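Coordinates in review
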Amino acid sequence: MTNNIEDNLLLFEETARYYQSLQVTNNQETLVQFLKETQEIFGCIPTDAKTRISEIMGMSTIIIDKIISMYPSLTNESFQTEIIVCSGASCSSKNAHKLLSEIQALLQIHPGQVTKDGRYKLTTKPCMKQCKKGPNLMIGNVLYHNIDSEKLKTLLL
């Protein structure tokens, strides 16, 4: 992702021309790759880009939004930090669902959503491979273990 808006737009137009040259429409695999590349450029998938993608791919923006919602790595909104709550069986047995509920209440969002200020995006992951240390929570690139209500509030507030 570059920082210059004009560079981003030029790069997106180059990417759009490439996908248009493929002359492939209604292909989910190609669409997902196009969306991923768009997100790499802008940090999210902006509405204007989504409209252009829909024209090139021959799909409505409603279908594109649905596909974006099916892929946790894709987002319509820009955010600073991703919060990932482990939802695997071991963490779930150690109150990960309670942890998720507390985060939802604190941030006023649900998994897949971004806070109004664009600071956090909340997601879940089936397992973080740290089962003995759960419940596990990742904020940005930092993994936290044995998270309880007090630790959570310290991390987020």
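An account of the accompanying structure is given in this report. (Residues numbered from 1 in each chain as written. Predicted model: local features only at pLDDT ≥ 70, side-chain atom pairs only at ≥ 80, totals over all residues. Heavy atoms only, no water.)

1. Some words on the overall build of the chain
Scanning the chain from terminus to terminus reveals seven helices and four strands. Secondary structure elements in the chain, listed N-terminal to C-terminal, are α-α-α-α-β-α-α-β-β-β-α. Seen through its C-alpha atoms, the chain measures out along the principal axes to roughly 50 × 30 × 25 Å. Each of the 157 residues in the chain was classed as buried or not, and the buried ones make up 38%. When contacts within the chain are restricted to residue pairs at least 6 apart in sequence, those whose partners lie at least 24 apart make up 61%. When the accessible surface of the chain is split by element, carbon and sulfur atoms take 51% of a total near 9300 Å². The averaged location of the 16 negative side-chain charges in the chain is 13 Å from the averaged location of its 16 positive side-chain charges. (Helix = DSSP H or I, 4+ residues; strand = E, 2+ residues; numbered from the N terminus. Buried < 20%, exposed > 50% of the residue type's maximum accessible area, 1.4 Å probe, protein only. Contact = heavy atoms within 4.5 Å. Areas by Shrake-Rupley, 256 points an atom, 1.4 Å probe, with all protein chains shown as cover. Lys, Arg positive; Asp, Glu negative; His and termini not counted. Charge placed at Lys NZ, Arg CZ, Asp CG, Glu CD.)

2. A short note on the sheet that holds strand 1 (residues 81-86)
A sheet is described by the order of its strands in space; here four strands give the open sequence 2-1-3-4, paired in mixed fashion. Edge strands, defined here as strands with exactly one partner in the open sheet, are strand 2 (120-125) and strand 4 (142-144). Within the sheet, the average angular offset between the axes of one strand and its neighbour, ignoring direction, is 20°. Bridging between strand 1 and strand 3 (residues 137-139) involves three bridges; their strand directions are antiparallel. Its bridge partner being in strand 3, Val85 is matched across the sheet by Leu137. Against the sheet, helix 6 (residues 96-107) engages strand 1, strand 2 and strand 3, with an angle of about 150° to strand 1. Helix 7 (residues 149-156) contacts strand 1, strand 2, strand 3 and strand 4 of the sheet and is inclined by roughly 10° relative to strand 3. (Pairing = 2+ DSSP bridges. Axes fitted to C-alpha atoms, helices over the stretch in contact; angles between N-to-C directions.)

3. Quick word on the environment of His110
With respect to the element layout, His110 can be found in the loop between helix 6 and strand 2. Spatially, the C-alpha atom of His110 lies 10.0 Å from that of Thr124, the residues being 14 residues apart in sequence. Residues contacting His110, with those up to four places away along its chain left out, are Gln104 and Leu122. Among the polar contacts made by the side chain of His110, one reaches the side chain of Gln104 at a distance of 3.2 Å. (Polar contact = N/O pair within 3.5 Å; in protein donor to acceptor, adjacent residues only side chain to side chain.)

4. Section: helix 6
Because an α-helix completes one turn every 3.6 residues, residues spaced three or four positions apart along the sequence face the same direction. The end-to-end C-alpha distance of helix 6 is 16 Å, a good match for the 16 Å that 12 residues give at a rise of 1.5 Å each. Of the residues making up helix 6, those classed as buried are Ala96, Leu99, Leu100, Glu102, Ile103, Gln104 and Leu107. Tucked into the core, helix 6 has its buried residues touching strand 1, helix 5 (89-93), strand 2, strand 3 and helix 7. Backbone geometry just downstream of helix 6 places Gln108 in the positive-phi region, at approximately 65°. (Expected span 1.5 Å × (residues − 1).)

5. Overview of the packing of helix 2 (residues 28-42) against helix 3 (residues 47-57)
Orientation of helix 2 relative to helix 3, taken along the N-to-C sense of each, is 155°, at an axis distance of 11 Å. Accordingly, the angle class assigned to the pair helix 2 and helix 3 is roughly antiparallel. Pair helix 2 / helix 3 crosses with right-handed handedness. Across the interface between the two elements, Thr30, Leu31, Phe34, Leu35, Thr38 and Phe42 of helix 2 pack against Ala49, Ile53, Ile56 and Met57 of helix 3. Within the contact of helix 2 with helix 3, the residues separate by chemical class into eight nonpolar, two polar and no charged. (Parallel < 35°, antiparallel > 145°, perpendicular 65-115°, else oblique. Left-handed = near helix turned anticlockwise from the far one by under 90°. Nonpolar A, V, L, I, M, F, W, Y, C, P; charged D, E, K, R; others polar.)

6. Let's talk about the packing of helix 1 (residues 5-22) against helix 2
Interhelical geometry of helix 1 versus helix 2 gives an angle of 170° and a closest axis separation of 9 Å. Taken together, the axes of helix 1 and helix 2 lie roughly antiparallel to each other. In this structure, helix 1 contributes Asn8, Leu9, Leu11, Phe12, Thr15, Ala16, Tyr19 and Leu22 to the contact, and helix 2 contributes Thr30, Gln33, Phe34, Glu37, Thr38, Ile41 and Phe42. Within the contact of helix 1 with helix 2, the residues separate by chemical class into nine nonpolar, five polar and one charged.

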